[in-house]
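These are the residues of each chain, in order.
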Amino acid sequence: MTATQRAELVTVTDTGQALVEVPNSAELSPGKPIIPPFNPYANSLNFLLGAYAMPDLAQPSYVSSIPSLTTNSSSLSLASKLLPIKAGQSAVIRTLLYPNATQMVPPYNITVREFTKASSHLTNNLGKCGIKSEVVLLANTTLGAENRMTSNVLSADANSLSYARTEPEILRIVYGTGNENLPGGFFPKGANGKIARSLLL
């Protein structure tokens with residue numbers, strides 16, 4: 001897979017749409033959608049909450065792709081340069097959200113922690129791949145670094161290693177359908193990369 005194909009697969013061209021669509025697709029609790037619609041531009045906190053999901057999706061996609069790029073040095077070089085940027089974006093957003101984890105998000109009457117949990121729950125459910133997106137403040141140490149921490153500024157497994165997402169997992173999430181063969185969400189006509197096209201029904 002070329003770097004261009006990878007970019008087509010994971011890049012959302014309309015950031016504004018991404019900031020709105022992911023939070024508005026989440027449920028604050030089972031069967032309880034976000035009402036009124038989430039506005040990422042209402043304040044700085046809302047903007048961070050809207051931006052929360054995107055680096056968490058991009059970073060694991062690069063982690064997954066880099067091992068397969070060893071025969072293409074230019075693609076490997078590009079992916080190796082993009083991965084730390086995506087990891088840094090995720091860390092900055094999570095660092096800014098973490099001290100506000102118990103702050104209420106008006107008018108939804110839930111905390112920042114609960115809001116990030118709803119967003120992570122949505123991406124995990126759509127990806128159908130277990131827990132690869134984690135809330136900024138964990139309920140217990142089970143998923144924390146070395147099973148010792150509840151702080152979660154870096155989204156990583158218990159060994160502090162980044163999660164990886166396969167191409168079908170990414171497509172299930174960006175399509176918003178939970179099905180890599182069924183377009184929707186950010187790509188209503190389907191993503192345009194070779195892998196994405198090969199998976200369309």
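Caption draft 1: Spatial organisation of the overall build of the protein chain. Looking only at helices and strands, the protein chain has 8 helices and 4 strands in total. Helices and strands appear in the protein chain in the N-to-C order α-α-β-β-α-α-α-β-β-α-α-α. Going through the 201 residues of the protein chain one by one, you find that 44% of them count as buried. Considering only contacts in the protein chain between residues 6 or more positions apart, those separated by 24 or more positions represent 57%. Looking at the protein chain as shown, the accessible area adds up to about 9,800 Å², and 59% of this sits on carbon and sulfur atoms.

Caption draft 2: Representation of the confidence of the model for the protein chain. For the protein chain, the mean per-residue pLDDT works out to 78, and 83% of the residues sit at or above 70. Here residues 1–17 is a poorly scored stretch, pLDDT under 50, and it has 35 contacts once near neighbours within four places are set aside; other chains count.

Caption draft 3: Highlighting the pattern of salt bridges. Per the stated rule, a full pass over the model turns up 2 salt bridges. Two residues, E169 and K132, come together in a salt bridge whose shortest N-O distance is 3.1 Å. Of the two residues, E169 sits in helix α7 (residues 167–175) while K132 sits in the loop between α6 (112–127) and α7, which places them 37 residues apart along the sequence. Here the two residues E169 and K132 agree in accessibility, since each one is buried. Between E180 and R172 there is a salt bridge, and its shortest N-O distance comes to 2.8 Å. The class for R172 is buried, based on a relative accessible area of 15%.

Caption draft 4: Quick look at the nonpolar core. Counting 17 residues, the largest nonpolar core has L49, L97, V105, Y108 and F115 as the members making the most contacts within it. Secondary structure elements with two or more residues in this core: α3 (44–51), α5 (73–97) and α6. Counting residues per element, this core draws most heavily on α3, at 4 residues. Ignoring anything within four residues of it in the chain, the contact list for V105 reads L45, N46, L49, I110, T111, V112 and F115.

Caption draft 5: A look at α7. Among the 9 residues in α7, 8 count as buried, and that is most of the element. Two residues or fewer after α7 comes G176, characterised by a positive phi angle close to 75 degrees.

Caption draft 6: Quick peek at the environment of Y62. Examined against the element boundaries, Y62 turns out to sit in helix α4 (residues 53–65). For Y62, a relative accessible area of 5% corresponds to the buried category. Sequence separation between Y62 and T166 is 104 residues, and the spatial gap between their C-alpha atoms is 9.4 Å.

Caption draft 7: Molecular detail of the environment of I34. Here I34 is to be found in the loop between β2 (32–33) and α3. Classification of I34 by relative accessible area gives buried; the value is 7%. Sequence separation between I34 and F115 is 81 residues, and the spatial gap between their C-alpha atoms is 10.0 Å.

The rules behind the values
- Residues numbered from 1 in each chain as written.
- Predicted model: local features only at pLDDT ≥ 70, side-chain atom pairs only at ≥ 80, totals over all residues.
- Heavy atoms only, no water.
- Helix = DSSP H or I, 4+ residues; strand = E, 2+ residues; numbered from the N terminus.
- Buried < 20%, exposed > 50% of the residue type's maximum accessible area, 1.4 Å probe, protein only.
- Contact = heavy atoms within 4.5 Å.
- Areas by Shrake-Rupley, 256 points an atom, 1.4 Å probe, with all protein chains shown as cover.
- pLDDT = per-residue confidence, 0-100.
- Salt bridge = Lys/Arg side-chain N within 4 Å of Asp/Glu carboxyl O.
- Core = buried A, V, L, I, M, F, W, Y, C linked by side-chain atoms within 4.5 Å.

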